[in-house]
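Report on the structure
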Amino acid sequence: MTIRLLIVYIRAGAGHRRAAEALARAAAAAWPEADVECLDVLRSAPRWFRRLYPRAYLFLVRRTPWLWRVSYRLLDTAWVYRLVQPLRRRWNLSIASAFRRRLAERPVDAVLATHFLPADLCNSLKRAGALAAPLIVVVTDLYPHRFWLAALAEAFIVATPQSASVCVARGIEEGRVRVLGIPVGASFASPADPAALRAQLGLDAGRLTVLVTSGGTTVGRFEELVERLAGLEGTHPRRLQLLVVCGEADETRRRLSALAAQSPMPVRVHGFVETMADCMGASDLVVAKAGGLTISEALARGKPLIFYHVIPGQEEMNARYVAEHHAGLIALGPAAAAEAVAGCLSHPERLTAMQQAARSLSRPRAAADIIEQVVKPLL
């Protein structure tokens, strides 16, 4: 009988999708004949909600981060969560009737969720008797907000022992929590030849390479950040080059491409790329916002991080974990981030120490381990 796996996420930022795709590829490698599907649950929601949800999230984190911080922390408080959760459960069920029909028409053997909304939705369907298959929740941040804790899930995958402790303290049985990491693509685990990758990407072999990225969409003062980093050519001539990935922000890419054409420092500007593993493999250092997937991908490549922007809430926890383990620095804003990069140029021993710390936190096989150690036993 063909095994059917469903991996659900929503497109609010690119990280949840990338984690789902990494799991799908790992499952396909483990079961070549399996029917493995990645599904954006918002496709099953009404059109107005499908358009509103990601836009509302980006508006909050870009325009009113203080409101996002307050909401994140308040909803993570036990008594507020107990009040809100019944309403949240009914709301999620009301907007996902098409998803419920899909599960009834095409049953699956297991469901993996890489975002808290489909995790809660599947939990509600299990409670209602509409989903019998095991539910595996893959937490794609380094801190498990209460919204992730689907009570009826058979397994929770977290990135760190600290995350596991939070889950257990909040009532999840210890046996259901596994510390396996955040899933990244198999290409991040493959050996990298930095010199060959730099040549392939048109980079200078003799300069320190900094990858500058902001995930799927640019958040924070990204363009000013690139300008500040390019300005280090004046104080550190012929020492540095930039590899800039703008994601889906086409206007940003066009403006930064014009900047790169005038810059005395080598600056290579890209939009959305499918070769982030190569970009990280070619780099010595990553300057980024503190998204869970970006962190996991960088650590899988053994690359330290400088965080120029931190979304309040989940990314504060992410950045703090990396900094506390000496695999990165929190340097908020373009000026501070440029100063931190300059410090790595002036004191290369700091960069070497951070690279070693990054490698010690690396979990490049997380996706395969989740399939082998959790999904297979449940099936």
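**Concerning the overall build of the chain**
When you go through the chain residue by residue, the secondary structure sums to 16 helices and 12 strands. A compact globule built from 379 residues would reach a C-alpha radius of gyration of about 21 Å, and the chain, at 21 Å, matches this within 12%. Seen through its C-alpha atoms, the chain measures out along the principal axes to roughly 65 × 45 × 35 Å. Relative to its full complement of 379 residues, the chain shows a buried share of 56%. About 16,200 Å² of surface is accessible on the chain, with carbon and sulfur atoms providing 54% of the total.

**Some words on the pattern of salt bridges**
Two side chains bearing opposite charge may form a pair once their charged atoms approach each other closely. According to the stated counting rule, one finds 22 salt bridges in the structure shown. The salt bridge involving arginine 17 is made with glutamate 21; its shortest N-O contact spans 3.1 Å. Linking arginine 17 with glutamate 21, this pair stays in helix H1 (residues 15–30), spanning 4 residues, or about one helical turn. On the basis of relative accessibility, which here comes to 8%, the residue arginine 17 falls in the buried class. Take glutamate 21: its relative accessible area is 26%, and that puts it in the partly exposed class. Residue arginine 69 pairs with glutamate 316 through a salt bridge whose shortest N-O separation is 3.4 Å. Residue arginine 69 is located in helix H3 (residues 65–75), and its partner glutamate 316 is located in helix H13 (residues 314–324); the two are separated by 247 residues in the primary sequence. Classification of glutamate 316 by relative accessible area gives buried; the value is 17%. Each of the salt bridges in this network shares a partner with another, and the network as a whole consists of Arg4, Asp35, Glu37, Arg102 and Arg106.

**Notes on the nonpolar core**
Membership of the largest hydrophobic core comes to 44 residues, with the highest contact counts inside it found for Leu6, Val8, Phe99, Val111, Leu135 and Val137. Dropping the residues within four chain positions of it, phenylalanine 99 is found in contact with Leu6, Val8, Leu39, Val41, Ser44, Leu121, Cys122 and Leu125. Grouped together as the second largest cluster of nonpolar side chains are 36 residues, Phe188, Val310, Ala319 and Leu361 included.

**A word on a positive patch on the surface**
A cluster of basic side chains, namely Arg47, Arg50, Arg51 and Arg55, defines a positive patch on the protein surface. Look at arginine 47 and you get exposed, because its relative accessible area is 61%.

**Here's the deal with H13**
For H13, the set of buried residues is Gln314, Glu315, Glu316, Asn318, Ala319, Tyr321 and Val322. Once H13 ends, the next one or two residues include histidine 326, with phi positive near 65°.

**Focus: the packing of helix H5 (residues 97–105) against helix H6 (residues 116–127)**
Where H5 meets H6, the closest approach of the two axes is 12 Å, and the angle between their N-to-C directions is 60°. Accordingly, the angle class assigned to the pair H5 and H6 is oblique. Between H5 and H6 the crossing geometry is right-handed. Facing H5, whose interface residues are Phe99, Arg100 and Leu103, H6 presents Leu121, Cys122 and Leu125. Of the residues contributing to the contact of H5 with H6, the split by class is 5 nonpolar, no polar and 1 charged.

**Considering the pairing of strand E7 (residues 208–213)**
Counting buried positions along E7 gives 6 out of 6 residues, so the element sits mostly inside the fold. Burial along E7 is two-sided: Leu208, Val210 and Val212 and Thr209, Leu211 and Thr213, pointing in opposite directions, are all buried. Pairing analysis gives 6 bridges linking E7 to strand E8 (residues 240–245), with the strands arranged parallel. In the sheet register, valine 212 faces E8, and the bridge partner there is valine 244.

Rules used in this analysis
- Residue numbers run consecutively from 1 along every chain, following the written order of its sequence.
- A pLDDT threshold of at least 70 governs which residues receive local features in this predicted model, and a stricter bar of 80 or more applies before side-chain atom pairs are shown or counted, although totals over entire chains, interfaces and linings include all residues.
- Calculation of side-chain values draws on the structure's entire complement of heavy atoms; hydrogens and water are dropped beforehand.
- Here a strand is any run of E in DSSP of at least two residues, a helix any run of H or I of at least four, and the numbering for each starts at the N terminus.
- Throughout, radius of gyration means the C-alpha value; the globule benchmark is 2.2 Å times the number of residues raised to the power 0.38.
- Exposed residues in this analysis have more than 50% of their type's maximum accessible area, buried residues have under 20%, and partly exposed residues fall in between, with area computed by a 1.4 Å probe over protein chains only.
- For every accessible area listed, the method is Shrake-Rupley and the probe measures 1.4 Å; residues are considered covered only by the protein chains on display.
- Salt bridge, as applied in this entry: a Lys or Arg side-chain nitrogen positioned within 4 Å of an Asp or Glu carboxyl oxygen.
- For this analysis, a nonpolar core means a set of buried residues of the types Ala, Val, Leu, Ile, Met, Phe, Trp, Tyr and Cys, connected via side-chain atoms within 4.5 Å.
- Contacts are assigned to residue pairs that have any heavy atoms within 4.5 Å of one another.
- Residues forming no salt bridge and having over 30% relative accessible area are the ones grouped into patches, like charges within 9 Å of each other and nonpolar side chains (Val, Leu, Ile, Met, Phe, Trp, Tyr) within 5 Å.
- For the purpose of counting charges, residues Lys and Arg are taken to be positive, whereas Asp and Glu are taken to be negative. His and the chain ends are not included.
- Each charge is placed at NZ for Lys, CZ for Arg, CG for Asp and CD for Glu.
- To get an axis, a line is fitted to the C-alpha atoms, and for a helix only the part in contact is used. The angle between two axes follows their N-to-C directions and goes from 0 to 180 degrees.
- Oblique is the label for any angle not under 35 degrees, not over 145, and not in the 65 to 115 range, which are roughly parallel, roughly antiparallel and roughly perpendicular in turn.
- Crossing handedness: left-handed means the near helix sits turned counterclockwise from the far one by under a right angle, and right-handed means the same turn made clockwise.
- Polar here means any residue other than Ala, Val, Leu, Ile, Met, Phe, Trp, Tyr, Cys and Pro, which are nonpolar, and Asp, Glu, Lys and Arg, which are charged; Gly is therefore polar.
- Here, any two strands with at least 2 DSSP bridges between them count as paired.

Distances and angles like these do not, on their own, reveal function.
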